[in-house]
Amino acid sequence: QVQLVESGGGLVEAGGSLRLSCAASAPILAINVMGWFRQAPGKQRELVAGILSGGSTHYPDSVKGRFTISRDNAKNTMYLQMNSLKPEDTAVYYCNVDGIWLLFGTKKYDVWGEGTQVTVSS
């Protein structure tokens, strides 16, 4: 079963840092796109960091310079380093991978994690 499991969320004061992790249940051989999204109450889910198949990264202006996405292929894990956190960063954070997974053969899956809560106090 292919799945993603997020961890690392929690409560932090404004200006603090958190690192989110997203562990994949199987090796990911190739990606179309992988990234982190967030959804605050009453708002639409939005992309906060993405990696495209060529390796380029994308960040919206709201987090640029504060958030960094990275991956460790050996650990089948993706990370989101969040610095200088603001109260408006409070949301449930989800990871997503759309790519070719290796599990009893190779197959394309588009998988979402269950989410991890990040709360930033002012």
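Predicted model, so just to flag it, every value in this text is computed and none were measured.

Some thoughts on the side chain of Thr 116
Turning to step 1, where the next piece is worked out: Its location among the elements puts Thr 116 in strand E11 (residues 116–121).
Turning to step 2, where the next piece is worked out: Take Thr 116: its relative accessible area is 12%, and that puts it in the buried class.
Turning to step 3, where the next piece is worked out: At 3.3 Å, the side chain of Thr 116 forms a polar contact with the backbone nitrogen of Gly 9.
Turning to step 4, where the next piece is worked out: Those residues in contact with Thr 116, other than ones at most four positions away along the chain, are Glu 6, Ser 7, Gly 8, Gly 9, Leu 20, Ala 91, Val 92 and Tyr 93.

Here's the deal with the packing of aromatic side chains
Turning to step 1, where the next piece is worked out: Scanning the entire structure with this criterion turns up 1 aromatic pair.
Turning to step 2, where the next piece is worked out: Lying over the aromatic face of Tyr 94, Arg 45 brings its terminal NZ or CZ to 3.8 Å of the ring centre.
Turning to step 3, where the next piece is worked out: Cation over ring: Arg 45 sits above Trp 112, and NZ or CZ is 4.8 Å from the ring centre.

Looking at the pattern of salt bridges
Turning to step 1, where the next piece is worked out: In total, this model carries 5 salt bridges according to the counting rule given.
Turning to step 2, where the next piece is worked out: Arg 38 serves as the salt-bridge partner of Asp 89, at 2.9 Å between the closest nitrogen and oxygen. Taken together, the positions of Asp 89 in the loop between strand E8 (77–82) and strand E9 (91–102) and Arg 38 in strand E4 (residues 28–39) put the pair 51 residues apart, joining distant regions of the chain.
Turning to step 3, where the next piece is worked out: Relative accessible area serves as the criterion here: at 1%, Asp 89 is assigned to the buried category.
Turning to step 4, where the next piece is worked out: Here the salt bridges do not stand alone but share partners, grouping Arg 38, Glu 46, Arg 66 and Asp 89 into one network.

Topic: the pairing of E9
Turning to step 1, where the next piece is worked out: Across the 12 residues that make up E9, a large majority, 9, are buried.
Turning to step 2, where the next piece is worked out: Pairing between E4 and E9: 10 bridges, direction antiparallel. Residue pairing in the sheet places Arg 38 in a bridge with Tyr 93 of E9.
Turning to step 3, where the next piece is worked out: Relative to E11, E9 is paired through 3 bridges, and the arrangement is antiparallel. Bridging across to E11, Val 92 finds its partner in Gln 117.
Turning to step 4, where the next piece is worked out: Sheet analysis places E9 next to strand E10 (residues 106–112), joined by 7 bridges and oriented antiparallel. Across the sheet, Leu 102 pairs through a bridge with Thr 106, a residue of E10.
Turning to step 5, where the next piece is worked out: Between E9 and E10, which follow one another and run antiparallel, lie 3 residues, and Phe 104 among them has a positive phi close to 55°.

Points about the nonpolar core
Turning to step 1, where the next piece is worked out: Counting 32 residues, the largest nonpolar core has Trp 36, Leu 80, Met 82, Tyr 93 and Trp 101 as its most contacted members.
Turning to step 2, where the next piece is worked out: Elements that contribute at least two residues to this core include exactly strand E3 (18–24), E4, strand E5 (46–52), strand E7 (67–72), E8, E9 and E11.
Turning to step 3, where the next piece is worked out: Examining the composition of this core, we find that 5 residues originate from one element, E9, more than from any other.
Turning to step 4, where the next piece is worked out: Apart from the residues within four sequence positions on either side, Trp 101 is in contact with Val 2, Gln 3, Leu 4, Ala 24, Ser 25, Ala 26, Pro 27, Ile 28, Thr 106, Lys 107, Tyr 109 and Val 111.

Some details on unusual backbone geometry
Turning to step 1, where the next piece is worked out: Despite not being glycine, Asn 76 shows a phi value in the positive range, around 50°.
Turning to step 2, where the next piece is worked out: Within the secondary structure, Asn 76 sits in the loop between E7 and E8.
Turning to step 3, where the next piece is worked out: Assessed through its relative accessible area of 24%, Asn 76 is described here as partly exposed.

Reading the values: rules and limits
Residues numbered from 1 in each chain as written. Predicted model: local features only at pLDDT ≥ 70, side-chain atom pairs only at ≥ 80, totals over all residues. Heavy atoms only, no water. Helix = DSSP H or I, 4+ residues; strand = E, 2+ residues; numbered from the N terminus. Buried < 20%, exposed > 50% of the residue type's maximum accessible area, 1.4 Å probe, protein only. Polar contact = N/O pair within 3.5 Å; in protein donor to acceptor, adjacent residues only side chain to side chain. Contact = heavy atoms within 4.5 Å. Phe/Tyr/Trp six-rings, centres within 6.5 Å; stacked < 30°, edge-to-face > 60°. Lys NZ or Arg CZ within 6 Å of the ring centre and 35° of its normal. Salt bridge = Lys/Arg side-chain N within 4 Å of Asp/Glu carboxyl O. Pairing = 2+ DSSP bridges. Core = buried A, V, L, I, M, F, W, Y, C linked by side-chain atoms within 4.5 Å.

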